[in-house]
Amino acid sequence: MNSFQLADDSAPLLSLSPKFILPEDKRPQLSEVTSLDSIPIIDLSDRSCNDDDSSSSLVVQKISRACEEYGFFQIVNHGVPEQVCNKMVSAITDLFNLPPEKRKQLYTTDHTKTTKLYNYYLQVEGGEKVKMWSECFSHSWYPIEDVTHLLPQEIGIQYGEAFSEYAREIGSLVRRVLGLISIGLGIEEDCLLKILGDEPRLRAQANFYPPCPDPELTLGLPVHTDVNVLTVILQSQVSGLQVIKDGKWIAVPAIPNAFVINLGDQIQVLSNGRFKSVHHRAVTNKLGPRVSMAMFYGPNLETIIGPIEELIDDEHPPRYTSYRFSEFLEEFYNQEGSRRMVKEVFELPN
Ligand code: OGA
Ligand code: NI
């Protein structure tokens, strides 16, 4: 594994060639990442979760606070069997262990392709593209029940089997968490799910970060916010995800049997700015490969997104204009390669 080779590259990743090296002001400055703060860890099996009066349950309160303050939290005792997650991680590891010639068949830079293997990059001054130290495989997970027929043959059957089982579990988990988030916002439990409709846009992204000779000079994923509503991240037992809080980067530790949940731009708009979609990045490490799976749950292209009416009153005027989600995505792809500012485009003046 020490000589991982990207699908679109001719040389193994042994040393950090210039195409991966970020300009100084874009480097991660790892010594400044704070260990004094961390994102909340929420136990979903907490008994008060089952209180009759669910609006005051401790879990709802904790989730709401995390959504307001961090836009991120980890959940434990979520009910997804450990072995389903372990199978997913090993299927992803095997996928990225396929020979580069095989992975190359899936590689594309065309973002309109629904199934694709690609690298992120950051466009720096002068228009040059600096590659990220990672490779990503992305595909749909709609319909949740079974997407194996949508997956390319090249990847073999193990990934599809592991994924089908995993996707069903994550589908239920997301519905549950969206219910808790809705209650926290003071709206009907099924309100967010209803807005997302019967045909949500579901994307999965398996990320692979090979060990990196110098993690100070590059990144695994550029600084970004997620474009969807809610993301569930599973990480192998190696950390790398970092989140911005009050202008400082904080590391998200890899906790056994936990999921990282983060809010995407659409919740920030739907909640009229109360819940945050927060900038995050993945850094690399020297020691060994890191694997993660991000499951993105979002509206379909036709859905109209705007601040939820019940959250608007004289004291809380709308902060965003309503738009069709396809318009938001178009803006998102227009800003590719940059530290995107997509939701800002839809902000209303004060
Ligand atoms: C993402 C993401 C973080 C990680 O895929 O959008 O932020 O830890 N991933 O891989
Ligand atoms: Ni992300």
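Residues numbered from 1 in each chain as written. Chains lettered and ligands numbered in written order. Predicted model: local features only at pLDDT ≥ 70, side-chain atom pairs only at ≥ 80, totals over all residues. Heavy atoms only, no water.

Per an unreviewed UniProt entry, the chain carries the name Naringenin,2-oxoglutarate 3-dioxygenase and comes from Phaseolus coccineus. You can read under Catalytic activity (unreviewed entry) in the UniProt record for the chain the words "a (2S)-flavan-4-one + 2-oxoglutarate + O2 = a (2R,3R)-dihydroflavonol + succinate + CO2". Looking at the Pathway (unreviewed entry) heading of the UniProt record, one finds this comment for the chain: "Secondary metabolite biosynthesis; flavonoid biosynthesis." (UniProt positions renumbered as here; feature names shortened; annotations may be inferred.)

This brings us to the side chain of threonine 218. Position of threonine 218 relative to the elements: it lies in the loop between β7 (201-209) and β8 (221-224). In terms of polar contacts, threonine 218 uses its side chain to reach the backbone carbonyl oxygen of phenylalanine 20, at 2.9 Å. Discounting chain neighbours no more than four positions away, the residues touching threonine 218 are Leu16, Phe20, Leu22, Pro28, Lys131, Trp133, Cys212 and Thr284. (Helix = DSSP H or I, 4+ residues; strand = E, 2+ residues; numbered from the N terminus. Polar contact = N/O pair within 3.5 Å; in protein donor to acceptor, adjacent residues only side chain to side chain. Contact = heavy atoms within 4.5 Å.)

Our focus in this paragraph is the sheet that holds strand β14 (residues 290-298). Taking strand neighbours across the sheet as the criterion, the eight strands line up as β1-β2-β12-β9-β14-β7-β6-β3 in an open arrangement whose pairing is mixed. Each of the sheet's edge strands pairs with one partner strand only, and the pair in question is β1 (41-43) and β3 (116-118). For this sheet, the mean angle separating the axes of adjacent strands, direction not counted, is 25°. With three bridges joining them, β3 and strand β6 (residues 135-140) adopt antiparallel strand pairing. Paired with leucine 117 across the strands is phenylalanine 137, a residue of β6. Packing of helix α4 (residues 157-185) onto the sheet brings it into contact with β2 (72-76), β6, β7, β9 (230-235), β12 (259-263) and β14, and relative to β14 it is tilted by some 55°. (Pairing = 2+ DSSP bridges. Axes fitted to C-alpha atoms, helices over the stretch in contact; angles between N-to-C directions.)

Okay, the layout of surface pockets next. A probe matching the size of a water molecule, rolled over the atoms, marks out where space remains unfilled. Considering only enclosed or pocket space, the largest pocket measures out at about 960 Å³ in volume. Counting residues per element, the lining of the largest pocket draws most heavily on β7, which supplies six residues. A class-by-class count of the residues in the lining of the largest pocket yields 20 nonpolar, 15 polar and twelve charged. (1 Å grid on protein atoms, 1.4 Å probe; cavity = no way out; pocket = protein on both sides within 12 Å on 5 of 7 lines; lining within 4 Å. Points joined across faces, edges and corners; volume = space filled by probe spheres on them. Nonpolar A, V, L, I, M, F, W, Y, C, P; charged D, E, K, R; others polar.)

Taken together, Gln205, Asn207, Tyr209, Leu221, His224, Asp226, Leu241, His280, Arg290, Ser292, Ala294 and Phe296 make up the full set of residues near ligand 1. A distance of 3.5 Å is found between an oxygen atom of ligand 1 and a side-chain nitrogen or oxygen belonging to glutamine 205. In this structure, serine 292 approaches ligand 1 through a side-chain N or O atom, which is 2.6 Å from an oxygen atom. Considered on its own, ligand 1 offers 290 Å² of accessible surface; in the complex 98% of this is hidden by protein. Placement of ligand 1 is best described as lying within the largest pocket. Among the elements that make up the shell around ligand 1, the one with the highest residue count is β14 (four residues). The residue makeup of the shell around ligand 1, split by class, is five nonpolar, five polar and two charged. (Near = heavy atom within 4 Å. Areas by Shrake-Rupley, 256 points an atom, 1.4 Å probe, with all protein chains shown as cover. Sits in = over half its atoms within 2 Å of the grid points.)

Per the UniProt record, the feature "domain: Fe2OG dioxygenase" (unreviewed entry) sits at residues 200-299. Note that residues 200-299 is 6% helix and 45% strand, and that its end C-alpha atoms are spaced 5 Å apart.

The subject of this paragraph is the coordination of the nickel ion (ligand 2). Distances from the nickel ion (ligand 2) to its protein donors, His224 (NE2), Asp226 (OD) and His280 (NE2), fall within 2.1 to 2.2 Å. Mapped onto the polypeptide sequence, the residues donating to the nickel ion (ligand 2) form the spacing pattern H-x1-D-x53-H. In this pair, aspartate 226 is assigned in the loop between β8 and β9 and histidine 280 in strand β13 (residues 280-282), connecting sequence segments 54 residues apart. We classify aspartate 226 as buried; its relative accessible area is 6%. (Donors = N, O, S within 2.8 Å, 3.2 Å for Na, K, Ca; no water. Buried < 20%, exposed > 50% of the residue type's maximum accessible area, 1.4 Å probe, protein only.)

Moving on, we come to the sheet that holds β13. Read from one edge of the open sheet, four strands run β8-β13-β10-β11, paired in antiparallel fashion. Bordering the open sheet on either side are β8 and β11 (248-251), each of which pairs with just one other strand. Each neighbouring strand pair of the sheet contributes to a mean axis angle of 20°, computed without reference to strand direction. Both strand β10 (residues 241-245) and β11 contribute to a ladder of four bridges, which runs antiparallel.

Cis geometry is found at the peptide bond from tyrosine 142 to proline 143, where omega equals 0°. For proline 143, the location among the structural elements is in the loop between β6 and α4. You will see that aspartate 246, though not glycine, has its phi angle at about 50°, which is positive. One can find aspartate 246 in the loop between β10 and β11.

Moving on, we come to the packing of aromatic side chains. Inspection of the entire model under this criterion finds 13 aromatic pairs. Taking the centre distance of 4.8 Å and the plane angle of 45° together, the rings of phenylalanine 4 and phenylalanine 208 count as tilted. Linking phenylalanine 4 in the segment before β1 with phenylalanine 208 in strand β7, this pair joins segments that are 204 residues apart in sequence. Pair check on accessibility: phenylalanine 4 and phenylalanine 208 agree, each one buried. The interplanar angle of 80° and the centroid separation of 5.2 Å between the aromatic rings of phenylalanine 332 and tyrosine 333 together place this pair among those described as edge-to-face. (Phe/Tyr/Trp six-rings, centres within 6.5 Å; stacked < 30°, edge-to-face > 60°.)

Membership of the largest hydrophobic core comes to 85 residues, with the highest contact counts inside it found for Tyr159 and Met293. Element by element, the count of residues in this core is highest for α4, at 14 residues. With residues up to four places along the chain from it excluded, the contact list for methionine 293 reads Met88, Ile92, Tyr159, Phe163, Tyr166, Ala204, Gln205, Ala206, Val232, Ile233 and Leu234. Within the second largest apolar cluster, twelve residues are counted, among which are Phe72, Val252, Ala294 and Phe296. (Core = buried A, V, L, I, M, F, W, Y, C linked by side-chain atoms within 4.5 Å.)

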